[in-house]
Amino acid sequence: LASLNALMSLPNIGLSSGVVGSLEIETQSSVFAIFHRGIPVLIRKFNFGIDTVVSAIRQGLDVSPQIAHNLLTDGSIDVSQWVTTTVQPFVKQLLVSRDFVERRENTTLNRLYLCGAGVRHIAIRKEIQKAFELEITDWNPLEGIALSPHALSEEVRGEEYRLAAAVGAARAVLEGAG
């Protein structure tokens, strides 16, 4: 949930107007939130994460968890059947949540932002994008934050999207101290 604080503090993403969704997919769980005119109208946590898909690939191909994760990430072997089978129940729940908000608020979801470990998994992203019929936008939680040139280690560079919860928690503490 801390990642939502980071999202809400980003400039120029349009939270104050329209309906904006945020989907954070991590290793073991996901959080889906919808904002209407800047106000959170839905926050839902799911027991679905990257590990769910990795486990299906691991079992389907009888490979180690590391190899299954690599196959999901690099696409060297077509793992779409396991991705689709595993992601579809999750996507259905996302759509039910979206439909609930759209009916209750009498509006339509305009944008969907993605963060967390799910950003780099194209196969998962494609399933969600196809279902929502929206372009999914990655968001960088460090956007708008001035960092010294060596503030991020080499291991973190290029994976800033994984820092959403940490940035959100830090912003909450700093904003509460002011």
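Residues numbered from 1 in each chain as written. Predicted model: local features only at pLDDT ≥ 70, side-chain atom pairs only at ≥ 80, totals over all residues. Heavy atoms only, no water.

Student: Please explain the packing of helix H2 (residues 50-61) against helix H4 (residues 80-105) as it appears in this structure.
Tutor: The geometry of a pair of packed helices is captured by two quantities: the angle between their axes and the separation between those axes. Two elements in contact, H2 and H4, have axes whose closest approach is 9 Å; the angle formed by their N-to-C orientations is 135 degrees. Viewed along their axes, H2 and H4 adopt a mutual orientation that is oblique. By crossing handedness, the relation of H2 to H4 is classed as right-handed. Residues Thr52, Val53, Ala56, Ile57, Gly60 and Leu61 of H2 lie in contact with H4, whose contacting residues are Trp82, Val83, Thr86 and Val87. Of the residues belonging to the contact of H2 with H4, the class tally is seven nonpolar, three polar and no charged. (Axes fitted to C-alpha atoms, helices over the stretch in contact; angles between N-to-C directions. Helix = DSSP H or I, 4+ residues; strand = E, 2+ residues; numbered from the N terminus. Parallel < 35°, antiparallel > 145°, perpendicular 65-115°, else oblique. Left-handed = near helix turned anticlockwise from the far one by under 90°. Contact = heavy atoms within 4.5 Å. Nonpolar A, V, L, I, M, F, W, Y, C, P; charged D, E, K, R; others polar.)

Student: For this particular structure, what's the right way to read the nonpolar core?
Tutor: Nonpolar side chains in soluble globular proteins tend to end up buried together. Judged by nonpolar contacts, the single largest core of 36 residues is most densely connected at Leu23, Phe32, Ile124, Ile128 and Phe132. Ranked by residue count, the leading element in this core is H4, at eight residues. Contact partners of Phe32, with chain neighbours within four places excluded, come to Ser22, Leu23, Leu42, Ile43, Arg44, Phe46, Leu94, Ser97, Arg98, Leu112 and Phe132. (Core = buried A, V, L, I, M, F, W, Y, C linked by side-chain atoms within 4.5 Å. Buried < 20%, exposed > 50% of the residue type's maximum accessible area, 1.4 Å probe, protein only.)

Student: Explain the pattern of salt bridges here, please?
Tutor: Should their charged atoms come close, side chains of opposite charge can pair. In this structure the tally under the stated criterion is four salt bridges. As a salt-bridge pair, Arg98 and Asp99 come within 2.9 Å of each other at their nearest N and O atoms. Salt-bridge contacts for Arg125 lead to Asp138; the nearest nitrogen and oxygen are separated by 2.7 Å. Note that Arg125 is positioned in helix H5 (residues 122-132) and Asp138 in strand S5 (residues 136-138), a separation of 13 residues in sequence. Relative accessible area serves as the criterion here: at 39%, Asp138 is assigned to the partly exposed category. Here the salt bridges share partners, and the residues they tie into one network are Arg98, Asp99 and Glu102. (Salt bridge = Lys/Arg side-chain N within 4 Å of Asp/Glu carboxyl O.)

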